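Single-letter residue listing:
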Amino acid sequence: MKDRSEQSIREIVIVGGGTAGWMTAAALSHRLATTGTNIRLIESAEIGTVGVGEATLPQIRDFNRMLGIKEAELMGRTSATIKLGIEFRDWGKTGDHYIHPFGVHGEPIGPADFHHYWVKARAEGAAEEFGRYSLPIAAARRLKFNLPPGNPDSLLQSYSYAFQFDASLYAVFLAEYAEARGTRRIEGKVVSVKCDGDNGFIRSLTLESGEQITGDLFIDCSGFRGLLIEQELQTGFADWSDYLPCNRAFAVPCAISDPVGPFTRSTARSAGWQWRIPLQHRIGNGHVYCDRYIRDQDAVDMLMDNLEGEPIAEPKQLFFKTGKRKKLWNRNCIAIGLSGGFLEPLESTSIDLIQSGIMNLLAFFPEKQCAASDADEYNRLMDLEFDRVRDFLMLHYVLNQREEPFWRDMREMAWPDSLREKVEAFERRGLVPQYDQGLFQPASWLSVFIGQNLLPKTWDLRVDAMAADRRSAALQRIKAAIDDSAGRMSEHLAFIETYRAKFAGSNGDMQ
Ligand SMILES: Cc1cc2nc3c(=O)[nH]c(=O)nc-3n(C[C@H](O)[C@H](O)[C@H](O)COP(=O)(O)OP(=O)(O)OC[C@H]3O[C@@H](n4cnc5c(N)ncnc54)[C@H](O)[C@@H]3O)c2cc1C
């Protein structure tokens, strides 16, 4: 048997210092601290980062907790606000609006799921809009927030939260964290890559300065270009533009004019949609669109005409193609972040996919020979993640009832079977997809189905066993409890202020 130390990875090289690169460096430096593994990260100020990506999902809190990062400190350092969900405006028909919350609607009132009781009550004209039965939605609409209390059985525990932050400041924060734990940052541009003639493994990178960087494991966080995974290893790209055709965006920050609430907003436009992400000191805005349906100039004009405050920078144009690498782990190279794939920012999933890539890397952390079975399992799990995000994003588009050519085509496009089955099961009798791995639990699917006007043709049989007056009393009780709780929460901005002040005088732990 070979000496174990000969087989162990000793040198990890990360190419790229954007959100993906520094999240990876922070996690590896934390988890491998006792192993003597060297971690180096190469980044090029000349190339820069993509410079967008401000809205996150609640899972990022698990990542920060794993690293021992104090939330209050993070919020202060990254100008973060709280995010309770995403408000969708005009996505069904013009004038519609709903919130996809980080939480559930209602609470159990009988053997069937809550939404079945609501569907029947609605058919009888005895229910209010679905969003009225969700605490995070009630709080978001009132611009309020409190930390969820600890009691798992309480209706007040029925939500989670994420952050809207300045992603470049998050990367700086994580860079400090990783460098303090031994990650070595190298400024320079990679100009060539050397591979092993036998197995095709990457052996070294050459920088513009002539310096050679050798390694056992290479993490490609080089952004859309996929410097190692694609330009060198030619792994191949699964192009999903037919499913998610938006391929360009303009992004611009603007000044804040009114107090900001704890949610991101997405407003449908004629050939795409516009985001609004409030931070403590500014609002991030962007228009995501498909260039087959609108000219760039019209797209940027539409964005600038719909800002709520003065722009504080020039609009920046971004180009992308939705899809993913055919393998995210190929030989001794793992692609994390935009180098691995991108599925437009509608549900703020990119940073979460980075996190999944990192957690799976830690779970399957290889030896030098990078066993094919580990890589296969890693790729299978990441494929699942990407497929499920793709289907959930598509759901928003295929359920629209708008009239413009872009939206009509989005309704009429070919759907993956995995999505069609989910939509049909809900429409037939209110079944909601359940799966163990991957993003977006039943509560999320339900929010979008109902928010975009898809209602089941019938409800769970067990609902009929409850008398109409008992059903409507239960709904009224839940709504009243939610309104009462939301009304008593703190103003969102007051919460941030108090919380940051608390951090200044304590160890900064949020809960
Ligand atoms: C329009 C848009 C909106 C988005 N909104 C969100 C959002 O709200 N939420 C979310 O989660 N995500 C969002 N994203 C995605 C998010 O921006 C990215 O997932 C995140 O920033 C990670 O990017 P990255 O680190 O992979 O790549 P980048 O930021 O592009 O970083 C690449 C790094 O590689 C380095 N590099 C490249 N080539 C070389 C070389 N030859 N030598 C040395 N260094 C090199 C660069 O210098 C840089 O440091 C959005 C993306 C787009 C396009």
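Analysis parameters
Residues numbered from 1 in each chain as written. Predicted model: local features only at pLDDT ≥ 70, side-chain atom pairs only at ≥ 80, totals over all residues. Heavy atoms only, no water. Buried < 20%, exposed > 50% of the residue type's maximum accessible area, 1.4 Å probe, protein only. Helix = DSSP H or I, 4+ residues; strand = E, 2+ residues; numbered from the N terminus. Pairing = 2+ DSSP bridges. Near = heavy atom within 4 Å. Polar contact = N/O pair within 3.5 Å; in protein donor to acceptor, adjacent residues only side chain to side chain. Areas by Shrake-Rupley, 256 points an atom, 1.4 Å probe, with all protein chains shown as cover. Nonpolar A, V, L, I, M, F, W, Y, C, P; charged D, E, K, R; others polar. Domains from an automatic or database assignment. Axes fitted to C-alpha atoms, helices over the stretch in contact; angles between N-to-C directions. Parallel < 35°, antiparallel > 145°, perpendicular 65-115°, else oblique. Left-handed = near helix turned anticlockwise from the far one by under 90°. Contact = heavy atoms within 4.5 Å. Core = buried A, V, L, I, M, F, W, Y, C linked by side-chain atoms within 4.5 Å. Phe/Tyr/Trp six-rings, centres within 6.5 Å; stacked < 30°, edge-to-face > 60°. Lys NZ or Arg CZ within 6 Å of the ring centre and 35° of its normal. Disulfide = S-S within 2.5 Å. Buried area = accessible area lost by both parts, 1.4 Å probe. Salt bridge = Lys/Arg side-chain N within 4 Å of Asp/Glu carboxyl O.

## Comments concerning the pairing of strand β12 (residues 217-220)
Burial of the side chains of β12 extends over both faces: L217 and I219 are buried on one face and F218 and D220 on the other. Both strand β1 (residues 11-15) and β12 contribute to a ladder of four bridges, which runs parallel. Directly across from I12, in β12, lies its bridge partner L217. Looking at chain direction, β12 and strand β21 (residues 333-335) are connected through three bridges and run parallel. In the strand pairing of β21, F218 is matched with C333.

## Digging into the site of the ligand
With respect to spatial proximity, 35 residues lie near the ligand, and among them G17, V52, A55, V190 and I351 are the closest. Take V50: an N or O atom from its main chain is 3.0 Å from an oxygen atom of the ligand. The contact in question runs from a nitrogen atom of the ligand to an N or O atom on the backbone of V190, over 2.9 Å. Contact with the protein chains hides 97% of the accessible area of the ligand, taken as 1,000 Å² for the molecule alone. Where the shell around the ligand is concerned, the elements lending two or more residues are α2 (19-31), β16 (272-278) and α10 (350-363). Of the residues in the shell around the ligand, the class split is 17 nonpolar, 14 polar and four charged. Looking at which domains feed residues into the shell around the ligand, each of domain 1 (7-54 + 166-238 + 325-369) and domain 3 (248-319) gives three or more.

## A word on the sheet that holds strand β19 (residues 323-325)
Spatial ordering of the open sheet is given by β13-β19-β22, a layout of three strands whose pairing is antiparallel. For this open sheet the edge positions go to β13 (237-239) and β22 (341-342), each flanked by a neighbour on one side alone. Examined bridge by bridge, β13 and β19 share three bridges and lie antiparallel to one another. Looking at the pairing, A238 lines up with K324 of β19.

## Focus on the packing of α2 against helix α3 (residues 60-67)
Closest axis-to-axis distance for the α2/α3 pair is 10 Å, and the angle between their directions is 40°. With respect to each other, α2 and α3 are oriented oblique. The hand of the α2/α3 crossing is left-handed. Touching M23, A26, A27, H30 and R31 of α2 are F63, M66 and L67, all from α3.

## A look at the nonpolar core
Counting residues in hydrophobic clusters, the biggest one holds 165 residues, and the most contacted among them are L205, I336 and Y397. With twelve residues, helix α11 (residues 372-398) is the largest single contributor of residues to this core. The residues contacting L205, other than those within four sequence positions of it, are V13, V15, I42, V190, S192, V193, E211, Q212, I213, F218 and L228.

## Here's the deal with the side chain of T235
Relative to the elements of secondary structure, T235 occurs in the loop between α8 (227-232) and β13. By relative accessible area, T235 is classed as buried at 13%. A distance of 2.6 Å separates a polar side-chain atom of T235 from the backbone oxygen of I229. Filtering out sequence-adjacent residues up to four positions away, T235 remains in contact with I229, E230, K326, K327 and N330.

## Side note on the packing of aromatic side chains
Enumeration over the complete set of coordinates arrives at 25 aromatic pairs. Arranged with centres 6.1 Å apart and planes meeting at 10°, the rings of F250 and Y289 form a pair that is stacked. Highlighted residues: F250 in strand β14 (residues 248-254) and Y289 in strand β17 (residues 283-289), separated in sequence by 39 residues. Residue classification places Y289 among the buried residues on the basis of a relative accessible area of 0%. With 5.2 Å between their ring centres and 65° between their planes, F392 and W445 make a pair best called edge-to-face. Of this pair, F392 sits in helix α11 while W445 sits in helix α14 (residues 442-451), placing them 53 residues apart in sequence. Among the aromatic residues, ring-to-ring pairing joins F88, W91, Y98, Y293, Y397, F406 and W407 into one connected group. A cation over a ring is seen here: R61 above Y161, with NZ or CZ 3.7 Å from the ring centre. For R390, the ring lying beneath its charged end belongs to W240, and the centroid distance is 4.7 Å.

## Overview of the state of the cysteines
Applying the stated criterion across every chain, the model contains zero disulfides. With no disulfide partner, C246 has as its closest neighbouring cysteine sulfur the one in C290, 6.0 Å distant.

## Side note on the domain arrangement of the protein
As assigned here, the protein comprises domain 1 (7-54 + 166-238 + 325-369), domain 2 (86-161 + 388-491) and domain 3 (248-319). Broken down residue by residue, the surface that domain 1 buries against domain 3 is led by V52, E54 and D166, which jointly contribute 51%. Applying the counting rule to domain 1 against domain 3 returns two salt bridges. In this structure, D166 engages R282 in a salt bridge whose closest nitrogen and oxygen atoms are separated by 3.3 Å. Seen at the junction of domain 1 and domain 3, the total is four residue pairs in polar contact (both at pLDDT 80 or more).

## Thoughts on α14
Along an α-helix, residues three or four apart share an orientation, since each turn contains 3.6 residues. Of all ten residues in α14, eight are buried, a share of seventy percent or more. Three or more residues of α14 are buried, namely S444, W445, L446, S447, V448, F449, I450 and G451. Just downstream of α14, N453 is the residue with a positive phi angle, here 75°.

## Examining the pattern of salt bridges
If charged atoms from side chains of opposite charge come close, those side chains can pair. For the structure shown, the criterion picks out 38 salt bridges. In this structure, K120 engages D464 in a salt bridge whose closest nitrogen and oxygen atoms are separated by 2.7 Å. With K120 in helix α5 (residues 114-123) and D464 in the loop between α14 and α15 (468-487), this residue pair connects regions lying 344 residues apart in the sequence. Judged by its relative accessible area of 13%, K120 falls in the buried class.

## Comments concerning the environment of F319
Structurally, the position occupied by F319 is in strand β18 (residues 316-319). Through-space distance from the C-alpha of F319 to that of F224 is 9.4 Å; in sequence the pair is 95 residues apart. In contact with F319, not counting residues within four places along its chain, are F224, N247 and R248.

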